[in-house]
Amino acid sequence: MLKKKIKKFSINVNKKIIDVLKKFDQNRNNFLIVINSKNQFEGVITISDVRRALVKGNNVNQKIKKFINLNPVVLKFKDYLLIKEKKERLNDINIDPFFIPVLNKDNIPVLIINNLENLNKPKKQKRSSKKRVLIIGGAGYIGSVLTGLLLKNGYIINVLDKFIYQSKFEFKNLFKNKKLNVIDGDTRDIKTVFNAVKNNDIVIHLGEMVGDPLCEKEPELTLETNYLASISIANICKTLEISKFVYISSCSVYGANKTNKLLDENSEINPVSSYAKLKIKCEEAILNNIGNFCKPSIIRLGTVFGDSPRRRYDLVVNLFSGLVANNKKIKIFGGEQWRPFIHVFDVSNFIKKIIENRTQNKKGKIYNLIGENIKISNLGKYLIKKYNANVIIEKHIDDKRNYKVTAKKAFKDFNFKPKYTVKRGIEEIILNTKKNKINNIFRDKYINISNLEKFR
Ligand SMILES: NC(=O)c1ccc[n+]([C@@H]2O[C@H](COP(=O)([O-])OP(=O)(O)OC[C@H]3O[C@@H](n4cnc5c(N)ncnc54)[C@H](O)[C@@H]3O)[C@@H](O)[C@H]2O)c1
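Only a predicted model underlies this, so the values are computations on that prediction, with no experimental measurement involved. Residue numbers run consecutively from 1 along every chain, following the written order of its sequence. Only residues with pLDDT of 70 or above have their local features reported here, since the model is predicted, and side-chain atom pairs are shown and tallied only from 80 upward, although totals for entire chains, interfaces and linings are computed over all residues.

1. Things to note about the overall build of the chain
Part 1: Under the scheme used here, helices are H or I runs from DSSP no shorter than 4 residues and strands are E runs no shorter than 2 residues, and both carry numbers assigned from the N terminus. Per the secondary structure count, the chain includes 15 helices and 20 strands.
Part 2: Projected onto its principal axes, the C-alpha coordinates of the chain cover approximately 90 × 45 × 40 Å.
Part 3: Residues with at least 20 neighbouring C-beta atoms inside 10 Å of their own are called buried, those with 12 or fewer are called exposed, and the rest are partly exposed, where every C-beta is derived from the backbone. Counting every position in the chain, which comprises 456 residues, the buried fraction comes to 38%.
Part 4: Long-range contacts, defined here as pairs at least 24 residues apart, represent 75% of the contacts in the chain between residues at least 6 apart. Residue pairs qualify as contacts under a 7 Å threshold applied to their C-beta atoms, which are placed from the backbone.

Now the structure itself:
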């Protein structure tokens, strides 16, 4: 008789490829022991064996016999005991595969060990109790704030970025922290991503071409970066069994919404830009491809505001505040559109909450994250009242996007409350723009679309 656990991870040698795939799915695993009718060990079959078989033109109804690995690494039970007694670690005896069957004297599997786990707990490699976090796009507007927050909290941070808006040197100098490691690379390069992802516990993906104007200009480049590279990152995280993957989406997926109701994560989506359409495609691809270990959280952010070491003046609250700080005219087109807003520090704090949350998120979840919904015209009216700003509201509407969003689910699941109001953000940006003597808020480094060339 096979032990229950072994039975779960075994398959008879006469079964078909389709049966293997079903079992992988049930077990949320990519490895099976192949046995004969006497429960004796015949070999193993992995997802790579199946993939190779299918690529060669075989179909799922073919018997697995031809495709199994007949000579995998196995351990005899007595050797296993010997290793355990000597307190050796399997890692030390130089064997490669993740799962190793242990066989009794009758060649029947009795145990499966994972050679990534140490056989003897006390000899476990010493590793800092603080987690290793890879932030892709960590040198960006949100990423720079998040990197600072997580470093302050003792995390070991790796940042993979193409350094479009600030140099690697400038970015490193912001923190001067030995726990920060920086990789200058492109997410479209699979090898770079693979090397960056491995050895991390958590991956946060913020590294895309951001904003409608930038993405509309270069659809192909946007597709490569915002969709193909993003799903490849998610796949690599799945393959490497990264324990948490956070993907940043956008409330712009709600797009041209006709209702005046608050939209939650189940509301109808209506993206109008290719930027928002690709966010939806990424969300779907990520949620449909969840591995056993990787539990993706997807955050649909409202328009972000507030100061960051990587300033952006192409976001509406920051733009208006920067113009007020420089006594410049503000033009609003239409203005009756609703928009949800969230401060960049609240975004970072929420991401920290997600990565520190211990409850299981097996299926992957989507969260809206916003602080407040405001009509663009009301932003203008507030700036006139409080700062005597020169605001012109024109009737002609340029922008079809209109959505009011609720983040109730995020607040409830994570006991989270945003700290910063839009009014406070405006004050902060005006103050910092003046303090830092930024009298040209339209310099290339503050405006995403001005950097199109650097993405190629
Ligand atoms: N800022 C917002 O209002 C807002 C709202 C909703 C969603 N988001 C999402 O949040 C994330 C971060 O936005 P942000 O405002 O910090 O943008 P950002 O443009 O400031 O940052 C993006 C970072 O990604 C890097 N990057 C871009 N392409 C890359 C590539 N191919 N390889 C490696 N690095 C690359 C850039 O150098 C930059 O540092 C994005 O996914 C964005 O869509 C932002």
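We are not done yet, so read on.
2. Let's talk about the packing of helix α5 (residues 141-152) against helix α12 (residues 344-356)
Part 1: Here an axis means a line fitted to C-alpha atoms, over the contact stretch when the element is a helix, while the angle between two N-to-C directions is reported on a 0 to 180 degree scale. Axis separation between α5 and α12 bottoms out at 9 Å; the angle between their running directions is 55°. Of the possible angle classes, the one that applies to α5 and α12 is oblique. For the crossing formed where α5 meets α12, the hand is right-handed. Counted together, Y141, I142, V145, L146, L149 and L150 of α5 and V344, F345, V347, S348, I351 and K352 of α12 form the full contact between these two elements.
Part 2: Gly falls in the polar group here, along with every residue not listed as nonpolar (Ala, Val, Leu, Ile, Met, Phe, Trp, Tyr, Cys, Pro) or charged (Asp, Glu, Lys, Arg). Its residues placed into classes, the contact of α5 with α12 shows ten nonpolar, one polar and one charged. Throughout this description, any angle smaller than 35 degrees is read as roughly parallel, any larger than 145 degrees as roughly antiparallel, any in the 65 to 115 degree range as roughly perpendicular, and the remainder as oblique. With the far helix as reference, a near helix turned anticlockwise by less than a right angle produces a left-handed crossing, and one turned clockwise produces a right-handed crossing.

3. Quick notes on the sheet that holds strand β4 (residues 75-76)
Each strand in a sheet pairs with another by means of backbone hydrogen bonds, the pair being arranged parallel or else antiparallel.
Part 1: One requirement defines pairing of two strands: DSSP has to find at least two bridges between them. Overall, mixed pairing links the three strands, which are arranged β4-β5-β6 in an open sheet. What marks the edges here is a single partner per strand, and that holds for β4 and β6 (109-114).
Part 2: In this sheet, strand β5 (residues 99-103) lies alongside β4 in parallel orientation, the contact comprising two bridges. Following the sheet pairing, K76 is matched in β5 by L103.

4. Points about the nonpolar core
Part 1: Think of a nonpolar core as buried Ala, Val, Leu, Ile, Met, Phe, Trp, Tyr and Cys residues chained together by C-beta atoms that fall within 7 Å. Ranked by size, the top nonpolar core spans 87 residues in total, and within it I135, V203, I204, C237, V347 and L369 carry the most contacts.
Part 2: With six residues, α12 is the largest single contributor of residues to this core.
Part 3: If we skip the residues at most four places from it in the chain, C237 touches V197, V203, I242, F245 and C294.
Part 4: Counting 16 residues, the second-largest nonpolar core is a separate cluster that includes I11, V34, I45 and F67.

5. Some thoughts on the sheet that holds strand β16 (residues 338-343)
Part 1: Pairing is mixed in the open sheet, where three strands are placed in the order β14-β16-β18. Both outer strands of the open sheet, β14 (303-305) and β18 (372-375), are each paired with one neighbouring strand and no more. Taken over all neighbouring pairs, the strand axes of this sheet differ in orientation by 45° on average, direction set aside.
Part 2: Sheet topology places β14 next to β16; three bridges connect them, and they run parallel. Looking at β16, one finds that V304 is bridged to I342.

6. Some details on the site of the ligand
Part 1: By definition, a residue lies near a molecule or strand when the C-beta atom built from its backbone is within 6 Å of it. Lining the immediate environment of the ligand, one finds 29 residues, of which G137, G140, Y141, I164 and V304 sit closest.
Part 2: Elements supplying a minimum of two residues to the shell around the ligand: α5, β11 (244-250) and β14.
Part 3: Considering each element in turn, the shell around the ligand owes the most residues, three residues, to α5.
Part 4: Broken down by class, the residue content of the shell around the ligand amounts to 13 nonpolar, nine polar and seven charged.

7. Quick notes on the pairing of strand β3 (residues 41-46)
Part 1: Summarising burial for β3: five of the six residues are buried, a large majority.
Part 2: Two strands pair when backbone bridges link them, and strand β2 (residues 31-35) and β3 are joined in this way by five bridges, in the antiparallel orientation. From the neighbouring strand, V34 faces β3, where its bridge partner is G43.

8. Examining the confidence of the model for the chain
For any part of a model where pLDDT is low, the fine detail of the predicted coordinates should not be relied upon.
Part 1: The predictor attaches a confidence to each residue, and that confidence, scored 0 to 100, is pLDDT. On average, residues of the chain score 89 in pLDDT, and 91% of them reach the 70 mark or higher.
Part 2: Considering only residues more than four positions removed or in separate chains, one finds that residues 91-96, a stretch of pLDDT under 50, has seven contacts.
Part 3: Below pLDDT 50 for its whole length, residues 116-126 participates in 13 contacts with residues either more than four positions away or in separate chains.

9. What about unusual backbone geometry?
Comment: phi is negative for the bulk of residues other than glycine, and the bulk of peptide bonds are trans.
Part 1: Residue K176 is not a glycine yet carries a positive backbone phi of 40°.
Part 2: Among the structural elements, K176 can be located in the loop between α6 (168-175) and β9 (180-184).
Part 3: Notably, N327 is not glycine yet its phi reads approximately 50°, a positive angle.
Part 4: Classification of N327 as exposed rests on a count of 11 C-beta atoms within 10 Å.

10. Observations regarding the environment of V20
Part 1: Relative to the helices and strands, V20 is located in helix α2 (residues 17-27).
Part 2: For V20, a count of 24 C-beta atoms within 10 Å gives the class buried.
Part 3: Expressed as a C-alpha distance, the spacing of V20 and I47, which sit 27 residues apart in the sequence, is 8.8 Å.
Part 4: Apart from residues no more than four positions distant in its own chain, V20 is found in contact with I11, K15, L32, I45, V50 and I64.

11. Focus: helix α10 (residues 274-287)
Part 1: Helix span, as expected, comes to 1.5 Å for every residue beyond the first. Helix length check: α10 (14 residues) gives 20 Å between terminal C-alpha atoms against 20 Å at 1.5 Å per residue, within 8%.
Part 2: Regarding α10, the residues found buried are Y275, A276, L278, K279, C282, E283 and I286. The arc that holds the buried residues of α10, viewed along the axis, is 160°, so those residues lie on one side.
Part 3: On its buried face, α10 is in contact with α8 (212-217), α9 (219-239), β11, β13 (295-301) and β17 (365-369). By construction, the arc corresponds to the directions joining the helix axis to the C-beta atoms.

12. Comments concerning the environment of K152
Part 1: Structurally, K152 can be placed in helix α5.
Part 2: Sequence separation between K152 and N257 is 105 residues, and the spatial gap between their C-alpha atoms is 40 Å.

13. Observations concerning the packing of helix α7 (residues 190-197) against α9
Part 1: With their axes 10 Å apart at the nearest point, α7 and α9 run at an angle of 40° to one another. Put simply, α7 runs oblique to α9. As α7 runs across α9, the sense of the crossing is right-handed. The segment α7 lies against α9, with I190, V193, F194 and V197 engaging S232, I233, I236 and C237.
Part 2: Residues of the contact of α7 with α9, tallied by class, amount to seven nonpolar, one polar and no charged.

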